[in-house]
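Given next are the chains, with one letter for each unit.
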Amino acid sequence: MFGTIRDLITHRRLLRDFVVRDHKARYVGSSMGFFWSVIFPLLNLAVYFIVFRLIMEVRFGDKMSPEASAMWMLAGITVWTAFAETISRSTNSLVENGNLIQKVVFPSEILPAFLTVSSLINMLIGIPLVLLGVGFFILKGDTAGFVEVETASLAAFDGQIIDPGEDRTLRWGISMICLPLLMLAQGVFTLGLGYFLSTLNLFLRDTYHLVGVLVTFWMFGTPIFYPVQLVEQARGGQFAFILDVNPMHWLIESYREVLLFGGWPPLHFIGPFLIVAVITFGVGATFFRSQKARFPDLL
Amino acid sequence: MSAPNKMTNDQGSSTSAVVAKGVGKAYEIYDKPIHRLYDLILPGGPRCRHFWAVRNVYLDVPHGSTVGIVGENGAGKSTLLKLLTGVTQPTTGTIETNGRVASLLELGAGFHPEFSGRDNIFLNCSILGMSQEEIKERFESIVTFSELGDFIDRPVKTYSSGMYVRLGFSVASSVDPDILLIDEALSVGDEHFKAKCLNWLNEFRERGKTTIFVSHDLGAVKSMCQNVVMMDRGEVLEQGDAEGVSDAYLKRIKERGNERLSMLNRGETEYPRWGTGEIEVTAMGMFDDEDNSSHVFQTGRPFAVRLEYRAIKDTQQPVFGIGIYRSDGTYVNGSNHHWRNEPIALEQVVAGEEGTVEMSFESMPLLAGQYYLTTFLYDHSKASPTAIDHREHAITFEVVDGAKHQHGLLYLPTVWRMERRSDSGEVTRTESGS
């Protein structure tokens, strides 16, 4: 695990080159270029919002306004997209770059790593969008009294997850300074999974296809488009355990706290997530490293 | 940059560029991919067979030498090269290299089709382990060498395959290694660029760097390398000076060719055969300079074709002949013992008579390739000769050419003369008879 970190630091320049190339490659030849990073999450949001909120009328608390729930979704989508994209791309990264691994002495550690970093940077473009949205509602709320209504409904909806006594107003807060920490934790977790899955994929190419399906399962098992308490209440709480075993839920809730409500990440979420992230990275990186010498033969 | 260079030079006198000790490489062959996973997590393995692509190789390549590795397809040459590059790890033994190793295996590996040649040069150099300063310093010379001109700013996907390898070679050659590994499959586009590459290789060798060159083209290896390693089925059969090993390699090819061709020649009744059968050709064969039956011959060496016959009935004026064809059907030569300045005329052959007919050559004139023989036995007593025993495509044989001095179908004993007239009126004449 420490060996992997050391190698990544040694090859940081190559890592940077790959990240730069990946960002150029994302939009090379497209006329909208960089703006896709902004448009893409918004389009996603539009689809999910229409389906879940307007058609299926998923209830976000009793009176949570559509606009506020849209911000709530957007925060989740932004984080999830970065995670899911990295996982599915990382899984195939060794196979995709087999040419390099088989023909050049190449530090393959940087393959899942550059994908992780690249997605995080892409996410960094989406985050201001959430913050701008929140800012917009702060302004609007001031004039229309929107915030007061929301405060009440959000407090009700949050129930046991977030202390009802807390201020649930959408707002910007000083806690934004811990965004880098959240992103680092996210990166460590994602990279750990990436190392594990990319190695496994060399042994069993089905992994790639399986991961595609599992990521979708995982997405629907994470409260991104629907409120947390729907899972808690569904069938008398039968599915509540999903929230207790889903690190991505902990991460996304931490992000929401910071991005939407200006609060600090709840310790009971970010604490376990950090532990899981470090363990995942340890396991993934160790597995990757133990098999690395065989990569050219496995391809 | 200067410090490590100095170190390499110091080592140059004392240690070798490449030392391989007992190197072996086994590939795991799994019948089902899932078994590989079982082996990883479950006890009770291994569930695979091992294929030893390279076995027990000892090499000691001194600094500044050029070493050729020859062997037939599947002999393990490319695997050995991969091991020396460090791309794959040996299963047994150790490999030690002193100096920066680069291989010309990876021309254009890692190019991104959407990006311009310029962008790809930067990333590719980075992948090959060059520092930012080195890349900047060499960028211009890479572009110049590739002769891409304005195309350097166009996406690589718009390149022709020739342009692609040109850029690949230019990048790979800019690494400035101490040890260069080259695979025979190095095809670098048009003749002009090929010449440029060879030129570069020669300069590289003249600068006292080490080159390891893999090929099954013996001529190319002999012309470039002082030392040759011969591999077969993963093992080093012979290593030493180019002349000696080349001969051994030729001999080896002959043996292998004989095995293969005798399989081909086994079915005696499978070729077309017709005639009255009054005289039967009972045996036929081709013989080399040591009078051993063979199917593989060397250009410039003696060889003979011999037929055994037995007469079944009395026959008037039978004539034996032999035709030589190249494998594509080109008629190379035909002759018989009758149509000659000093003909051998057989007025009559009596039933029960046996004999031998031989056609021999001082020196095999054919150049490398596959050929076949057709034997004729015709009755010339009538107005138009009728077939007694005609065997089409009777023997397939192969010619190998150790010298490779000439190209084409036939070796022609040419004489070259040169007359050089200098400004001062001095004339020098040189002549080469062979």
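Predicted model, so just to flag it, every value in this text is computed and none were measured. (Residues numbered from 1 in each chain as written. Chains lettered and ligands numbered in written order. Predicted model: local features only at pLDDT ≥ 70, side-chain atom pairs only at ≥ 80, totals over all residues. Heavy atoms only, no water.)

A. Layout of the overall build of chain B. A count of helical and extended segments in chain B gives nine helices and 23 strands. Here the C-alpha radius of gyration of chain B, 29 Å, is well above what a compact globule of 434 residues would show, namely 22 Å. Residue pairs at least 24 apart in sequence account for 71% of intrachain contacts in chain B once pairs closer than 6 positions are excluded. Accessible surface computed for chain B: about 22,500 Å², of which carbon and sulfur atoms make up 49%. Distance between charge centres in chain B, computed from 44 positive and 60 negative side chains, equals 5 Å. (Helix = DSSP H or I, 4+ residues; strand = E, 2+ residues; numbered from the N terminus. Rg over C-alpha atoms; globule rule 2.2 N^0.38 Å. Contact = heavy atoms within 4.5 Å. Areas by Shrake-Rupley, 256 points an atom, 1.4 Å probe, with all protein chains shown as cover. Lys, Arg positive; Asp, Glu negative; His and termini not counted. Charge placed at Lys NZ, Arg CZ, Asp CG, Glu CD.)

B. Representation of the nonpolar core. In this structure, Phe18 and Phe106 of chain A together with Ile121 of chain B are the most contacted members of the largest nonpolar core, which totals 75 residues. When residues of this core are assigned to their parent elements, the largest contribution, six residues, is made by helix α9 (residues 242–266) of chain B. Apart from residues no more than four positions distant in its own chain, Phe106 of chain A is found in contact with Leu14, Phe18, Leu100, Ile101 and Leu111 of chain A together with Ile127 of chain B. Counting 57 residues, the second-largest nonpolar core is a separate cluster that includes Phe83, Leu193, Leu251 and Ile270 of chain A. (Core = buried A, V, L, I, M, F, W, Y, C linked by side-chain atoms within 4.5 Å. Buried < 20%, exposed > 50% of the residue type's maximum accessible area, 1.4 Å probe, protein only.)

C. Quick look at the interface of chain B and chain A. Listed per partner, the contact involves 30 residues of chain B and 26 residues of chain A. Here chain B is connected to chain A by three salt bridges. Across the salt bridge formed by Arg294 of chain A and Glu28 of chain B, the nearest N and O atoms sit 3.1 Å from each other. When contributions to the side of chain B that touches chain A are tallied by element, the ones reaching two or more residues are β1 (16–29), α2 (33–41), α3 (77–85) and α4 (117–127) of chain B. (Salt bridge = Lys/Arg side-chain N within 4 Å of Asp/Glu carboxyl O.)

D. Quick look at the packing of helix α2 (residues 12–27) of chain A against α4 of chain B. Interhelical geometry of α2 of chain A versus α4 of chain B gives an angle of 150° and a closest axis separation of 10 Å. Relative to α4 of chain B, α2 of chain A is oriented roughly antiparallel. Between α2 of chain A and α4 of chain B the crossing geometry is left-handed. Of the residues in α4 of chain B, those in contact with Arg13, Leu14, Asp17, Phe18, Arg21 and Lys24 of chain A of α2 of chain A are Asp119, Asn120, Leu123, Ser126 and Ile127 of chain B. Among the residues making up the contact of α2 of chain A with α4 of chain B, the classes are represented as four nonpolar, two polar and five charged. (Axes fitted to C-alpha atoms, helices over the stretch in contact; angles between N-to-C directions. Parallel < 35°, antiparallel > 145°, perpendicular 65-115°, else oblique. Left-handed = near helix turned anticlockwise from the far one by under 90°. Nonpolar A, V, L, I, M, F, W, Y, C, P; charged D, E, K, R; others polar.)

E. Up close: the side chain of Ser118 of chain A. Residue and element names in this part refer to chain A. You can see Ser118 is positioned in helix α6 (residues 110–144). Take Ser118: its relative accessible area is 0%, and that puts it in the buried class. In terms of polar contacts, Ser118 uses its side chain to reach the side chain of Arg26, at 3.0 Å. The contacts of Ser118, once residues within four sequence positions are left out, are Val19, Asp22, His23 and Arg26. (Polar contact = N/O pair within 3.5 Å; in protein donor to acceptor, adjacent residues only side chain to side chain.)

F. Quick peek at a nonpolar patch on the surface. Taken together, the side chains of Met32, Phe34, Phe35, Trp36, Phe40 and Leu43 of chain A make up a nonpolar region of the molecular surface, amounting to roughly 610 Å² of accessible area. Residue class for Phe35 of chain A comes out exposed when judged on its relative accessible area of 51%. (Patch = residues over 30% accessible without salt bridge, like charges linked within 9 Å, V, L, I, M, F, W, Y side chains within 5 Å.)

G. Fine view of the pairing of strand β23 (residues 427–432) of chain B. For β23 of chain B, the tally of buried residues reaches only zero of six residues, placing the bulk of the element at the surface. With antiparallel pairing between neighbouring strands as the criterion, strand β22 (residues 416–421) of chain B and β23 of chain B make up a hairpin whose turn holds five residues, including Gly425 of chain B at a positive phi of roughly 90°. (Pairing = 2+ DSSP bridges.)

H. Focus on the sheet that holds strand β7 (residues 210–215) of chain B. Residue and element names in this part refer to chain B. Taken in spatial order, the six strands line up as β5-β6-β7-β3-β8-β9 in an open sheet, and their pairing is mixed. The sheet terminates laterally at β5 (101–103) and β9 (235–241), the two strands that pair on one side only. Across the sheet, the mean angle separating the axes of adjacent strands is 15° when strand polarity is ignored. Along the sheet, α3 makes contact with β3 (66–70), β5, β6 (179–182), β7 and β8 (227–232), crossing β7 at roughly 155°. Packed on one face of the sheet, helix α7 (residues 191–206) meets β3, β6 and β7 and runs near 145° to β6.

I. Representation of the confidence of the model for chain A in the model. Within chain A, residue pLDDT values average 82, and 88% of them lie at 70 or more. Contacts from residues 142–167 of chain A, a stretch scored under 50 in pLDDT, to residues over four places away or in other chains number 37 contacts. (pLDDT = per-residue confidence, 0-100.)

J. Layout of the packing of aromatic side chains. Per the counting criterion, the structure on display carries 31 aromatic pairs over all chains. Where Trp80 of chain A meets Trp218 of chain A, the ring centres are 6.0 Å apart and the plane angle is 75°; that geometry is what we call edge-to-face. Here Trp80 of chain A is found in helix α4 (residues 66–96), whereas its partner Trp218 of chain A is found in helix α9 (residues 206–220), with 138 residues between them in sequence. Given the relative accessible area of 5%, Trp80 of chain A is considered buried. Using a relative accessible area of 26% as the deciding quantity, one classes Trp218 of chain A as partly exposed. A connected cluster of aromatic rings, assembled from ring pairs, spans Trp80, Phe83, Phe189, Trp218 and Phe273 of chain A. Here Arg256 of chain A stacks its cationic end above the ring of Trp72 of chain A, 3.4 Å away from the centre of that ring. Lying across the ring of Tyr27 of chain B, Lys25 of chain B places its NZ or CZ 5.4 Å from the centre. (Phe/Tyr/Trp six-rings, centres within 6.5 Å; stacked < 30°, edge-to-face > 60°. Lys NZ or Arg CZ within 6 Å of the ring centre and 35° of its normal.)

K. Region of interest: the side chain of Asn120 of chain B. Mapping Asn120 of chain B onto the fold places it in helix α4. Relative accessible area serves as the criterion here: at 1%, Asn120 of chain B is assigned to the buried category. Within the local environment of Asn120 of chain B, its side chain forms a polar contact with the backbone oxygen of Phe115 of chain B, the two atoms lying 3.3 Å apart. For Asn120 of chain B, the residues in contact, after removing those within four places along its chain, are Arg21 of chain A together with Gly110, Phe111, His112, Phe115 and Val156 of chain B.

L. Looking closely at helix α8 (residues 179–203) of chain A. In this model, α8 of chain A (25 residues) spans 36 Å end to end at C-alpha, consistent with the 36 Å of a helix rising 1.5 Å per residue. Among the 25 residues of α8 of chain A, 19 are classified as buried, and the element is accordingly described as predominantly covered. (Expected span 1.5 Å × (residues − 1).)

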